[in-house]
Amino acid sequence: MSNTVSAATVVLAAIRERVAALHAALEPETVPPNASTADTDTNTDIGTDVAAEGGDPGADFGADGGSSVTVPAAEDETPDDDPVLEAGGSDEPDVERLAEALADLEAVVTGFASLIEGGELAALRAELAWARSTVEEARALDGTVEVLEELVEDLDPALRQGPVEARVGIVVAARTTERRDAVTGMLAQAEWTSLLAHADQLVLSAPIGGGKPKHAGRVLARALADADTAAREAAEAVVDEDGPEAQLARAATAAHAVATTARITRVALGKQARRLADAAEALAGAVEDRRRSEAVAHWLVDLADLAHRAGEPSFTYGVLHAEAGARRVAADEALTAAVAAYTRPKLRKGLVDAA
């Protein structure tokens, strides 16, 4: 990196780019800006918590995408038409794009929090966490549905009993509508307006430390080391506590913060940052797969209960649940391997010295 570029300049450029991407995510026809510091996308499924259409409005499917709570099948839940696996139209927000923009901005302000001064940073971080809790649920739903549809598609036709595709379509359509309505409602709230105002203010006037170019490498390395420490703690907690949902969410967020911070600091830290970014992205991907496998298993329990209450065979859902269980085992093994790879000391050799 040029010795005329300060850490503050690098961080401000990263913030500006991601605030612009957040605004662009709200405008369907706008192409988001491309930049060399853009990091690889990592998803953080949080699951869904929407009851099936016609069911008990008090039934909570939980943050992990399902629960043992069941609801009786209403008349409009009885499959009699072709399944509708997608809901919504062009007027709805692009959930995937919005989720990525929010996650990237949160990653930047988390990874470089020690360099950002000003009392409004805490408010922005709280608002980002609030918005992501809604948007990530909608995005996680899409990911869970993809896995569920793969399981159904790969199912031996001889094992299909009852209107499986139609049952899945009914529940997917209902939950998708509710999740996307929640995102639309979030965008109309005063908290969202405040989030955008705080993000714009951060670009315009927030003081950012690290103003001396000669100290840029050390300052950026210290920020990356801090983000890495938080991610290692979160990753180790996932393995130690057998991956409860709250720990998985924390690990996914921390891993994405490291990946984003490392991609940005690569201008100063080179291969050290690239290797850490790659490992963090692998960790985030493993966490995502683990969370999806858990969510699909919960969905299949709920689908079996709904089918049973509607007088349909539930055998097929048991077969699918066994397949989902195998995916869960594989996801657990992959997550354990990803945590081991990320936490090995050799990965960050030299980072502490640079900081």
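Higher on the page you've got the structure.
Within any chain, residue numbers begin from 1 and follow the written order of that chain's sequence. Local features are withheld for residues below a pLDDT of 70 in this predicted model, meaning they are given only at 70 or higher, and side-chain atom pairs are given and counted only at 80 or more; totals for whole chains, interfaces and linings count all residues. Processing note: side-chain calculations cover all non-hydrogen atoms of the structure and skip hydrogens and water entirely.

Caption draft 1: Geometry of the overall build of the protein. Every helix listed is a DSSP run of H or I at least four residues long, and every strand listed is a run of E at least two residues long, numbered separately from the N terminus. For the protein, the helix and strand inventory stands at 10 helices and 0 strands. Across the 355 residues of the protein, 50% fall into the buried class. Counting contacts in the protein only where the partners sit at least 6 residues apart, residues at least 24 apart contribute 81% of the total. Only protein chains enter the accessibility calculation, which uses a 1.4 Å probe; a residue is then buried when its area is under 20% of its type maximum, exposed when over 50%, and partly exposed in between. Working rule for contacts: check all heavy atoms of both residues, and any pair within 4.5 Å makes them a contact.

Caption draft 2: Broad picture of the nonpolar core. Put simply, buried Ala, Val, Leu, Ile, Met, Phe, Trp, Tyr and Cys residues joined by side-chain atoms within 4.5 Å make one nonpolar core. Membership of the largest hydrophobic core comes to 42 residues, with the highest contact counts inside it found for I15, L22, L98, L102, F112, W192 and L195. Of all the secondary structure elements, the ones that give two or more residues to this core are α1 (7-25), α2 (95-111), α3 (120-153), α4 (164-187), α5 (190-205) and α6 (216-240). Tallying contributions element by element places α1 first for this core, with 9 residues. Beyond its immediate chain neighbours, meaning those up to four positions away, I15 contacts V108, I116, L202, V203 and I208. The next biggest cluster of nonpolar side chains, apart from the first, holds 32 residues, and it includes A221, V287, V339 and L347.

Caption draft 3: Spotlight on the side chain of T134. Within the secondary structure layout, T134 lies in helix α3. In this structure, T134 is in contact with R179, A182, V183 and M186, ignoring residues within four places of it in sequence.

Caption draft 4: Looking closely at a positive patch on the surface. Taken together, the side chains of K271, R275, R344, K346 and K349 make up a positively charged region of the molecular surface. Positionally, K349 belongs in the loop between α9 (315-343) and α10 (351-354). Here, patches come from residues exposed beyond 30% relative accessible area and free of salt bridges, joined within 9 Å for like charges and within 5 Å for nonpolar side chains (Val, Leu, Ile, Met, Phe, Trp, Tyr). In this description, accessible areas are obtained by the Shrake-Rupley approach with a 1.4 Å probe, and a residue is regarded as covered only by the protein chains that are shown. For this document, the term salt bridge refers to a Lys or Arg side-chain nitrogen within 4 Å of an Asp or Glu carboxyl oxygen. Positive charge is attributed to Lys and Arg, negative charge to Asp and Glu, and no charge count is given to His or to the chain ends. Where a charge lies is defined by one atom per residue type: Lys uses NZ, Arg uses CZ, Asp uses CG and Glu uses CD.

Caption draft 5: Fine view of α5. One less than the number of residues in a helix, times 1.5 Å, gives the span that helix is expected to have. With 16 residues, α5 extends 22 Å from end C-alpha to end C-alpha; this agrees with the ideal 22 Å at 1.5 Å per step. Three or more residues of α5 are buried, namely W192, L195, L196, H198, A199, L202 and V203. Seen from one end, α5 has its buried residues packed into an arc of 160°, which puts them on one side. Facing away from the buried side of α5 by over 90 degrees, the exposed positions are A190, T193 and L204. The arc under discussion is defined with respect to the helix axis, by the directions toward the C-beta atoms.

Caption draft 6: Main features of the pattern of salt bridges. One pass over the full model with this rule turns up 22 salt bridges. With its nearest N and O atoms 2.5 Å apart, the salt bridge here joins E245 to R291. Of the two residues, E245 is situated in helix α7 (residues 245-269) and R291 in helix α8 (residues 271-309); the sequence distance between them amounts to 46 residues. Owing to a relative accessible area of 4%, R291 belongs among the buried residues under this scheme. It is possible to trace a salt-bridge network through shared partners that takes in E96, E106, R132, E136 and R139.

Caption draft 7: How the structure looks around the environment of A20. Looking at where A20 falls in the secondary structure, it is placed in helix α1. Residue classification places A20 among the partly exposed residues on the basis of a relative accessible area of 37%. Taking the C-alpha atoms as reference points, A20 and A199, separated by 179 residues in sequence, lie 9.5 Å from one another.

Caption draft 8: Spotlight on the packing of α1 against α2. For helices, the fitted axis covers only the stretch in contact; all axes are lines through C-alpha atoms, and the angles between them, taken along N-to-C directions, range from 0 to 180 degrees. Closest axis-to-axis distance for the α1/α2 pair is 9 Å, and the angle between their directions is 160°. As judged from the angle between their axes, α1 and α2 are roughly antiparallel. Here α1 and α2 pass one another in a crossing that is left-handed. Taking contact as the criterion, the partners of A14, I15, R18, V19, A21, L22, A24 and A25 in α1 are, on α2, R97, L98, A101, L102, D104, L105 and V108. Comment on the angle field: the value is read as roughly parallel under 35 degrees, roughly antiparallel over 145, roughly perpendicular from 65 to 115, and oblique elsewhere. Definitions for this section: a left-handed crossing has its near helix turned counterclockwise from the far helix by less than a right angle. A right-handed crossing has that turn clockwise.

The quantities given are spatial measurements derived from coordinates; they are silent on function.
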